[in-house]
Amino acid sequence: MQYTVNEKGYYGNFGGAYIPEMLYPNVEELQQKYLSIIQEPSFQEEFNQLLEDYVGRPTPLFHAKRLSEKYQTTIYLKREDLCHTGAHKINNTIGQILLAKKLGKKRIIAETGAGQHGVATATVCALMGYDCVVYMGEIDIERQKPNVERMRMLGAEVRPALSGSRTLKDATNEAIRDWINNPVDTHYIIGSVVGPHPYPDMVARFQSVISQEIQEQLLDKTGKSNPNYVIACVGGGSNAAGAFYHYLDQLDVKLIAVEAAGKGVNSGFSAATTYLGKPGIIHGSKTLLMQTEDGQIVEPHSISAGLDYPGIGPIHAHLFDSGRGEFFSITDQEAFTAAMMLSRTEGIIPALETAHAIAVLENISFKKDDVVVINISGRGDKDLMTYISRKDEFTQ
Ligand SMILES: *Cc1c(COP(=O)(O)O)cnc(C)c1O
């Protein structure tokens, strides 16, 4: 079974490029050029240098002794929370801005929901001196003020999407419209392993540095490069794709993907896509998505903005379909509890998204000598207001 993308842009039954005809030139240019560009030695050299000196890689692989003791197994934390800007998202935006430069593009657009991808994009645009427009739903602009101010401080223009529900999907529509109108000079930076081919593969490759480092670091620490488990949360699925990437064909490594159950998978307020979703098309690719009988997208719900997405990257739809990945869903309450627990057990305050990956420790019985790697996708500073304001509700 092949778990990476095939030459047609599919992962098993999922993926492809389902786009309006007016986007063909832009997407075709990327399809034809992305691999040869990112495999060039000069590209790799510049990418790796920036990951090292600017992002702060390699990020540590930390043996969490008190957490291991609590769950009676051996747990390592991959510290993506220590990346510049506080999460893994910058690995991808660094890769894509360098690609944009090689393609001769002059201007960057992006869309953002919670603002984390917008901040990572605005950051690399400032670094490289690029004009940057970030589309964001009007409602999200109100909900995510600190990230909006960060983007502006970094020199990006935040353009409100005023149509529809005025959230992420409307911002995506605006970004696509912009790209259609500016096909020659503009690159569209997508923030997860979603969108038309080649985005899912391109983003997975840029994030694959995570599992590349885990292999080297585990070998160094334990004498073996393969753990028994790799655990990661899944919104669109980029941090999980990066943490799984070099283990996809290592069948002795269990790949655990954790989705947001919200208030419960059957509550009507959930983002557990593999549990609730059916095949359909969203953001230009065929994948699993939460939809009504007649194919309308169902609004997702999660306490964490980064997991609040009605679809899932096609690579994960395939990992689910093929059984290569094991999928769990974690409620808002369970994630909140796990965030408090990790903070007090290891002195690491995780992002709410990441807390879903930690909470799954409660649902799996490990052996004492199992090696378990959890990808700590981001830090919790951005979620502090939620941790404060919902403490009473979630602490019995
Ligand atoms: C955005 C985000 C996620 C979810 O995105 P993926 O593409 O699924 O990785 C997870 N964790 C953090 C900290 C994020 O900012």
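Residues numbered from 1 in each chain as written. Predicted model: local features only at pLDDT ≥ 70, side-chain atom pairs only at ≥ 80, totals over all residues. Heavy atoms only, no water.

1. What to know about the packing of aromatic side chains
Logical step 1: Across all of its chains, the model carries 10 aromatic pairs by this definition.
Logical step 2: Geometrically, the ring pair formed by Trp179 and Tyr199 is edge-to-face, given 6.4 Å between the ring centres and 65 degrees between the ring planes. Of this pair, Trp179 sits in helix H8 (residues 168–181) while Tyr199 is found in helix H9 (residues 199–207), placing the two residues 20 residues apart along the sequence.
Logical step 3: Residue classification places Trp179 among the buried residues on the basis of a relative accessible area of 3%.
Logical step 4: With relative accessibility at 0%, the residue Tyr199 sits in the buried group.
Logical step 5: Three or more aromatic residues joined by ring pairs form one cluster here, namely Phe43, Phe47 and Phe206.
Logical step 6: Over the ring of Phe269 we find Lys263; its NZ or CZ atom is 4.7 Å from the centre of that ring. (Phe/Tyr/Trp six-rings, centres within 6.5 Å; stacked < 30°, edge-to-face > 60°. Helix = DSSP H or I, 4+ residues; strand = E, 2+ residues; numbered from the N terminus. Buried < 20%, exposed > 50% of the residue type's maximum accessible area, 1.4 Å probe, protein only. Lys NZ or Arg CZ within 6 Å of the ring centre and 35° of its normal.)

2. Side note on the pairing of strand S4 (residues 74–79)
Logical step 1: Where burial is concerned, most of S4 is hidden: six out of the six residues are buried.
Logical step 2: Every second residue of S4 is oriented toward a common face, with Thr74, Tyr76 and Lys78 on one face and Ile75, Leu77 and Arg79 on the other, all of them buried.
Logical step 3: Relative to S4, strand S3 (residues 61–63) is paired through three bridges, and the arrangement is antiparallel. The residue of S4 that forms the bridge with His63 is Tyr76.
Logical step 4: Taken together, the six bridges between S4 and strand S14 (residues 371–376) define a ladder with parallel strand orientation. Within S14, the residue paired with Leu77 across the bridge is Ile374. (Pairing = 2+ DSSP bridges.)

3. Describing the domain arrangement of the protein
Logical step 1: Taken as a whole, the protein is organised into domain 1 (11–50 + 89–203) and domain 2 (56–86 + 208–394).
Logical step 2: The distance between the C-alpha centroids of domain 1 and domain 2 comes to 23 Å.
Logical step 3: Taken together, the two surfaces of domain 1 and domain 2 that pack against each other cover about 2400 Å², and 65% of this comes from carbon and sulfur.
Logical step 4: Counting the surface domain 1 buries against domain 2, the share from its top three residues, Phe14, Tyr18 and Val193, is 26%.
Logical step 5: Across the domain 1-domain 2 interface, the total number found is zero salt bridges.
Logical step 6: On the surface where domain 1 and domain 2 come into contact, there are seven residue pairs in polar contact (both at pLDDT 80 or more).
Logical step 7: Put simply, the parts of the chain that give the side of domain 1 that touches domain 2 at least two residues each are strand S2 (14–15), helix H4 (89–102), helix H5 (116–128), H8 and H9. (Domains from an automatic or database assignment. Buried area = accessible area lost by both parts, 1.4 Å probe. Salt bridge = Lys/Arg side-chain N within 4 Å of Asp/Glu carboxyl O. Polar contact = N/O pair within 3.5 Å; in protein donor to acceptor, adjacent residues only side chain to side chain.)

4. Quick notes on the sheet that holds strand S7 (residues 157–161)
Within a beta sheet, neighbouring strands are joined by backbone hydrogen bonds and run either parallel or antiparallel to one another.
Logical step 1: Strand order in the open sheet formed by four strands is S7-S6-S5-S8, and the pairing between neighbours is parallel. Pairing within the sheet leaves two strands with one partner each, and these edge strands are S7 and strand S8 (186–188). Sheet twist, expressed as the mean angle between neighbouring strand axes with direction ignored, is 25 degrees.
Logical step 2: For strand S5 (residues 107–112) and S8, the ladder comprises three bridges, and the chain directions are parallel. Across the sheet, residue Arg107 finds its bridge partner in S8, namely Thr186. (Axes fitted to C-alpha atoms, helices over the stretch in contact; angles between N-to-C directions.)

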